[in-house]
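Residue-level listing of the chains:
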Amino acid sequence: MRLSRYFLPTLKEAPSDAQIVSHQLMLRAGMIKQEAAGIYAWLPLGLRVLRKIEGIVRQEQERAGAVELLMPTLQLADLWRKSGRYDAYGPEMLRITDRHERELLYGPTNEEMVTDIFRAYVKSYKALPLNLFHIQWKFRDERRPRFGVMRGREFLMKDAYSFDLDEASARRSYYRMFLAYMRTFKRLGLKAIPMKADTGPIGGDLSHEFIVLAATGESEVFFHESWLGGHNIEDVDYADDAFVAAWVETLTTEYAATDEMRDPVAEAGLGELLQTARGIEVGHIFYFGTKYSAPMKAKVAGPDGQDTEVHMGSYGVGVSRLMGAIIEASHDAGGIIWPNSVAPFDVVVINLRANDEAVSAACEEAVAKLEALGKDVLYDDTDERPGGKFATADLIGVPWQLTIGPKGLADGVVELKRRATGEKQTLPLDAALELLTQ
């Protein structure tokens, strides 16, 4: 992608109302544009990262056995009345009346709709367990939307819903999603801590939040210092229930709590091992039994032929919110530092003298070779001054910067910079390409 033909409206200064780093850097890097309070247009650079985050979330859901569908953003109010949540949800729900006086709502979540889909088609326990998910835009009419995509009104969310015959099997589904979330966050370059949570308006009696530590986090969290080292979850055999349960037990043994769920006795026992920090919620999972299946009559014929209300769980990840969390956890004074897995481009090739035919030819050669090796390349072929080019490359956070100029070209070398560390190397182009493919 040639930068001269790309749409990248960067800013030297962030607007004064951008209060946290992720909001400031997303605006400065030309990733989003505010269209209304808490509502953003996703510009090309931001959309590239959003799609990569979405792809990792989708891969880990499917790996854990969830099946993707897509539900509409508008829902019938009558569905929510059957569950009892229509009036209880509060002013965050955007209620709409169409031209035929039908009452609709812009979905903040989909428990009712997915239960309606399930009860229409699934009649036997033999179809269970079943987990359905989608990745869809949601709307919650926050009283005070702030912090950019971290607390917006419109946001992209992955929500999954599990259906099981009884509580024991429903908890096994819950555990599979628990591990899928831990793997997801690790692939996104985030160190997430699972914390027992209040179920809130979703309901149920088992719930965990997944918290990423960041100085600008919304809430204070408390945890055993062992969490600072993280946990290495590699290959997971989701078909092995004992293996999955053992991993979840391991990940929930050490103390971790949000401010509202603190245990003073447990904390007193930790002494100096107790750590406190600010945290950002990036995921929330719930087991709520028959809270929705009972009022909505979502039943299946059990092994004995008797109709049984299914046990359900729901599992949410704020896909667009994750982008803000990644930036909050990974940036410096120069701008964003993207993990390789979600970076908008793998490499930016910087042409220090765009009007020099030899330099441009060398840059074109480098771009062609990198693309042939499967790399996603941004080619800065603009006539901007070198200082401005370097500042832009740092700001947008591409993991590698390959710089080619007339002096280096005369000596047969290029400069390769790793964005995360600032380390620079001067070496022949072929050697630089070899490093970039390792």
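Before reading on, note that the structure itself is shown above.
Attention in this report is confined to the structure presented alongside it. Quick caveat: nothing in here was measured; it's all calculated off a predicted structure. (Residues numbered from 1 in each chain as written. Predicted model: local features only at pLDDT ≥ 70, side-chain atom pairs only at ≥ 80, totals over all residues. Heavy atoms only, no water.)

1. A few points about the packing of aromatic side chains
All told, the structure shown has 12 aromatic pairs when counted by the stated rule. Relative to Y175, the ring of Y174 has its centre 6.3 Å away and its plane inclined at 75°; by these criteria the two rings are edge-to-face. Aromatic ring contacts, followed pair by pair, group F178, Y181, F185 and F210 into a single cluster. When the ring centre of Y292 is taken as reference, the NZ or CZ atom of K291 above it lies at 5.5 Å. (Phe/Tyr/Trp six-rings, centres within 6.5 Å; stacked < 30°, edge-to-face > 60°. Lys NZ or Arg CZ within 6 Å of the ring centre and 35° of its normal.)

2. Thoughts on the pattern of salt bridges
Taken as a whole, this structure holds 32 salt bridges when the rule is applied. With a closest N to O distance of 2.8 Å, K138 and D159 form a salt bridge. Separated by 21 residues along the polypeptide, K138 in strand 7 (residues 130-139) and D159 in strand 8 (residues 154-164) bring together distant segments of the chain. No difference in accessibility class separates K138 from D159, as the two residues are buried. Across the pair R262 and D259 runs a salt bridge, and its minimum N-O distance is 3.8 Å. Here the residues in one salt-bridge network are R51, E54, R58 and E68, joined through shared partners. (Salt bridge = Lys/Arg side-chain N within 4 Å of Asp/Glu carboxyl O. Helix = DSSP H or I, 4+ residues; strand = E, 2+ residues; numbered from the N terminus. Buried < 20%, exposed > 50% of the residue type's maximum accessible area, 1.4 Å probe, protein only.)

3. Re the environment of A168
Considering the arrangement of structural elements, one finds A168 in helix 5 (residues 167-187). Taking the C-alpha atoms as reference, A168 lies 9.3 Å from H311; in sequence the two are 143 residues apart.

4. Here's the deal with the sheet that holds strand 4 (residues 74-76)
The three strands are arranged 4-6-5 in an open sheet whose pairing can be described as antiparallel. With one partner strand each, in any of the chains shown, strand 4 and strand 5 (94-97) form the two edges of the open sheet. Averaged over all adjacent pairs, the angle separating strand axes in this sheet is 35°, with direction ignored. Across four bridges, strand 5 lies against strand 6 (residues 103-106) in antiparallel orientation. The residue bridging I96 from the neighbouring strand is L104, located in strand 6. (Pairing = 2+ DSSP bridges. Axes fitted to C-alpha atoms, helices over the stretch in contact; angles between N-to-C directions.)

5. As for the packing of helix 2 (residues 44-63) against helix 9 (residues 319-329)
How two helices pack is summed up by the angle between their axes together with the distance between the axes. Contact geometry for helix 2 and helix 9: axes closest at 9 Å, N-to-C directions at 110°. With respect to their mutual orientation, helix 2 and helix 9 come out roughly perpendicular. When you trace helix 2 past helix 9, the crossing you get is right-handed. In this structure, helix 2 contributes G46, V49, L50, I53, E54 and V57 to the contact, and helix 9 contributes V319, S320, L322, M323 and I326. For the contact of helix 2 with helix 9, a count of residues per class yields eight nonpolar, two polar and one charged. (Parallel < 35°, antiparallel > 145°, perpendicular 65-115°, else oblique. Left-handed = near helix turned anticlockwise from the far one by under 90°. Contact = heavy atoms within 4.5 Å. Nonpolar A, V, L, I, M, F, W, Y, C, P; charged D, E, K, R; others polar.)

6. Some words on the sheet that holds strand 20 (residues 377-380)
Across the sheet, which stays open at both edges, the five strands sit in the order 20-19-21-22-23 with mixed pairing between neighbours. Unpaired on one side and paired on the other, strand 20 and strand 23 (424-427) mark the two borders of the sheet. The average undirected angle you get between the axes of adjacent strands in this sheet is 20°. Of the strands in this sheet, strand 19 (347-351), strand 20, strand 21 (400-404) and strand 22 (414-418) touch helix 11 (residues 386-396), which is tilted by about 175° from strand 19.

7. Considering the side chain of Q136
Within the secondary structure, Q136 is located in strand 7. For Q136, the side chain forms a polar contact with the side chain of K138, separated by 2.8 Å. Not counting residues within four places of it along the chain, the set of residues in contact with Q136 comprises L70, M71, P72, T73, N110, F155, L156 and M157. (Polar contact = N/O pair within 3.5 Å; in protein donor to acceptor, adjacent residues only side chain to side chain.)

8. Some remarks on the side chain of H224
Along the polypeptide, H224 turns up in strand 11 (residues 219-224). You can call H224 buried: its relative accessible area is 11%. Those residues in contact with H224, other than ones at most four positions away along the chain, are E254, Y255, L270 and L273.

9. A short note on helix 10 (residues 357-372)
For helix 10, which comprises 16 residues, the first-to-last C-alpha distance of 22 Å matches the rise-based estimate of 22 Å (1.5 Å per residue) to within 8%. Among the residues of helix 10, V359, S360, A362, C363, A366, V367 and L370 are the ones counted as buried. Projected down its long axis, helix 10 shows its buried positions confined to an angular sector of 160°, all on one face. Turned more than 90 degrees away from the buried face of helix 10, the exposed residues are E357 and A372. Where helix 10 is buried, its residues contact strand 19, strand 20, strand 21, helix 12 (406-410) and helix 13 (429-436). If you check the start of helix 10, you find a side-chain oxygen 2.9 Å away from the backbone N of A358, and it comes from D356. Once helix 10 finishes, G374 follows within two positions and takes phi at roughly 90°, a positive value. (Expected span 1.5 Å × (residues − 1). Arc of directions from axis to C-beta.)

10. Here we look at the nonpolar core
One finds I53, L179, F185, M323 and W338 to be the most contacted residues of the largest nonpolar core, which totals 82 residues. Considering every element that reaches this core, the biggest residue donor is helix 5, with nine residues. If we ignore the near neighbours within four places in the chain, the residues touching W338 are M31, V49, M323, I326, I327, A343, P344, I396, G397, V398 and P399. (Core = buried A, V, L, I, M, F, W, Y, C linked by side-chain atoms within 4.5 Å.)

11. Quick word on the pairing of strand 22
Pairing between strand 21 and strand 22: four bridges, direction antiparallel. Within the sheet, the bridge partner assigned to Q401 lies in strand 22 and is K417. Between strand 22 and the antiparallel strand that follows it, strand 23, lie five residues; G422 among them carries a positive phi value of about 80°.

12. Brief notes about helix 2
The terminal C-alpha atoms of helix 2, which comprises 20 residues, lie 29 Å apart, in line with the 28 Å expected from a rise of 1.5 Å per residue. Those residues of helix 2 not exposed but buried are L45, G46, V49, L50, I53, E54, G55, I56, V57, E60 and Q61. Within two residues after helix 2, G65 carries a phi angle of roughly 100°, on the positive side.

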